[in-house]
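Okay, here's what each chain looks like letter by letter:
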Amino acid sequence: MQEEKKSRYTPAQAKAAKKYLTNTVEDIKIRVPKGKKEYYKAIAKKSGESLNHLMIRAVDTLIENEHLSE
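Residues numbered from 1 in each chain as written. Predicted model: local features only at pLDDT ≥ 70, side-chain atom pairs only at ≥ 80, totals over all residues. Heavy atoms only, no water.

Once that is clear, we can look at the overall build of the protein. Across its full length, the protein carries three helices and zero strands. Element order for the protein, N to C, with α for helix and β for strand: α-α-α. In terms of C-alpha radius of gyration, the protein reaches 17 Å, well past the compact-globule figure of 11 Å for 70 residues. With respect to the three principal axes, the spread of C-alpha positions in the protein is 55 × 30 × 25 Å. Each of the 70 residues in the protein was classed as buried or not, and the buried ones make up 4%. As displayed, the protein has an accessible area near 7,600 Å², and 55% of this comes from carbon and sulfur atoms. (Helix = DSSP H or I, 4+ residues; strand = E, 2+ residues; numbered from the N terminus. Rg over C-alpha atoms; globule rule 2.2 N^0.38 Å. Buried < 20%, exposed > 50% of the residue type's maximum accessible area, 1.4 Å probe, protein only. Areas by Shrake-Rupley, 256 points an atom, 1.4 Å probe, with all protein chains shown as cover.)

Side chains carrying opposite charge are able to pair once their charged atoms draw close together. By the definition in use, this model includes two salt bridges. Notably, a salt bridge pairs E49 with R57, separated by 2.5 Å at the nearest N-O pair. (Salt bridge = Lys/Arg side-chain N within 4 Å of Asp/Glu carboxyl O.)

Bringing the layout of surface pockets into the picture now. Of the voids in this model, the largest pocket is the one considered here, and its volume is about 520 Å³. Along the walls of the largest pocket sit 14 residues, with I28, I30, N52, M55 and I56 positioned nearest its centre. Listed by contribution, the elements that provide at least two residues to the lining of the largest pocket are α2 (36-46) and α3 (51-65). Among the elements that make up the lining of the largest pocket, the one with the highest residue count is α3 (six residues). Of the residues contributing to the lining of the largest pocket, the split by class is nine nonpolar, one polar and four charged. (1 Å grid on protein atoms, 1.4 Å probe; cavity = no way out; pocket = protein on both sides within 12 Å on 5 of 7 lines; lining within 4 Å. Points joined across faces, edges and corners; volume = space filled by probe spheres on them. Nonpolar A, V, L, I, M, F, W, Y, C, P; charged D, E, K, R; others polar.)

So, on to the confidence of the model for the protein. Chain-level statistics for the protein give a pLDDT mean of 92 and a share of 94% at 70 or above. Element-level mean pLDDT values for the protein span from 94 in helix α1 (residues 11-24) up to 97 in α2. (pLDDT = per-residue confidence, 0-100.)

So, about the environment of Y9. Structurally, Y9 can be placed in the segment before α1. Between the C-alpha atoms of Y9 and A58, which are 49 residues apart in sequence, the distance is 32 Å. A polar side-chain atom of Y9 sits 3.3 Å from a polar atom in the side chain of R8. (Polar contact = N/O pair within 3.5 Å; in protein donor to acceptor, adjacent residues only side chain to side chain.)

This is the structure:
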């Protein structure tokens, strides 16, 4: 018998979080070679940030350093 997985949010909280995310952020999916995801996660952990923040910071830094912004 499988136990039902409990959510850490109430249905109202989940709905509010989904609404907030829909209105404030966009998703970008990237593909990386096998093994690179764990490598990037380790680098993020070492720098004390999330993988998402590491990726955003890396892209922003590249754009700034290459003078690619408009």
